[in-house]
Amino acid sequence: MVLKFIALGDMGSGTNDQKKVSKGMEQVIKELKKKHLDNISFIVGLGDNIYECGVKSTTDPQFKSKFEKPYKNINKDFYMCLGNHDYAGWGCGKEYDNSPEHEIEYTSISKKWVLPNKFYYYSYDIDKKNHVDFFVMDTNLDRMTKEEKDEQLEFLINGIKSSKAKWKILYGHHPWRSLGYHGNAEPELESYFRKIIKETSVKGKKSIDLYMCGHDHSKQYLEIYITKNHKIPLVVCGTGGKLDDTPVPIISNTSKNDYNIHFYSNTLGFMCVKINQENMELHFFDHTGENIEFTYEIKK
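Predicted, not measured: the structure shown is a model, and the values here were computed from it. (Residues numbered from 1 in each chain as written. Predicted model: local features only at pLDDT ≥ 70, side-chain atom pairs only at ≥ 80, totals over all residues. Heavy atoms only, no water.)

Draft legend 1. Layout of the state of the cysteines. A full pass over the atoms with the stated rule returns 1 disulfide. Note on cysteine connectivity: Cys-53 is disulfide-linked to Cys-92, with sulfurs 2.0 Å apart. Every disulfide takes its handedness from the sign of the S-S torsion; for Cys-53 and Cys-92 that torsion is -80°, giving left-handed. Here Cys-53, found in the loop between strand 2 (42–45) and helix 2 (62–68), pairs with Cys-92, found in the loop between strand 3 (78–79) and helix 3 (99–105); they are 39 residues apart in sequence, far enough to count as distant. As far as burial versus exposure is concerned, Cys-53 and Cys-92 are alike and both buried. Cysteine Cys-272 is unpaired, with the sulfur of Cys-237 as its nearest cysteine sulfur at 11 Å. Owing to a relative accessible area of 7%, Cys-272 belongs among the buried residues under this scheme. (Disulfide = S-S within 2.5 Å. Helix = DSSP H or I, 4+ residues; strand = E, 2+ residues; numbered from the N terminus. Buried < 20%, exposed > 50% of the residue type's maximum accessible area, 1.4 Å probe, protein only.)

Draft legend 2. Region of interest: the sheet that holds strand 5 (residues 122–124). Spatially, 7 strands are ordered 5-6-7-8-10-9-11 in an open sheet, and the strand pairing comes out mixed. Where the open sheet ends on each side, the last strands, each with one partner, are strand 5 and strand 11 (259–265). Within this sheet the neighbouring strands show an average axis-to-axis angle of 20°, counted without direction. In the sheet, strand 9 (residues 219–227) pairs with strand 11 via 6 bridges, with the strands oriented antiparallel. Within the sheet, the bridge partner assigned to Gln-220 lies in strand 11 and is Tyr-264. (Pairing = 2+ DSSP bridges. Axes fitted to C-alpha atoms, helices over the stretch in contact; angles between N-to-C directions.)

Right, dumping it as structure tokens:
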């Protein structure tokens, strides 16, 4: 079993930056085909699908200009999640109030946009052999009622806990830990993550093998320590269509931190993931799809 996918967030800008990254993704897919290697199976979307306010309806032209056209040459399913810009936020008109619902409904219209109906959170597996399970969460807790937050929490805990997959991957839009502009999770989201991990770590077995997100417009690989012997790999990859103009921070891992950071880049780009039975390889590309900036291997 070998599974390959591309992950990126914060892509829906409709700008030349988004188009550059899309071309780089095309390049990687093309090179894999040329070398007769296993192809990219699908794309993971890490939120902020349509800047700045989301969409007004399922026929909003932004679906074309900020998704269909930039990725017209990538005939893969995009498994999306909701970012803060997919909700009508500050400065957005009331016509955007139902943007999340429209993004869900667009699943039945587009040939490759996947955000299943009824829920903003869901799970899926691609290889159908129970090797990798994906769990998608809505990290916009400030936009959810207590009931909705509790329902999502129950869904994620039950799903992760009952999964018999070799690998379990969780993703959403907001970081758990980040050296970027937005930084670490807010207290409520921090508590939410902790509950998920606590309730799904059974008999010494790790809860999840990786958490991926966007929000900060940088590429990062970090590891958060739950206990001395239990760490969870974290990926930030919000460079699909926008960049921060903040300088690269000084990487300093100290005993005061509950995490280590191994890589940080503020260039446009995406991540390619390769998974087999024994390991998971993370390859961080720049926007050209020709230069790998950082590679990390997670072993089972």
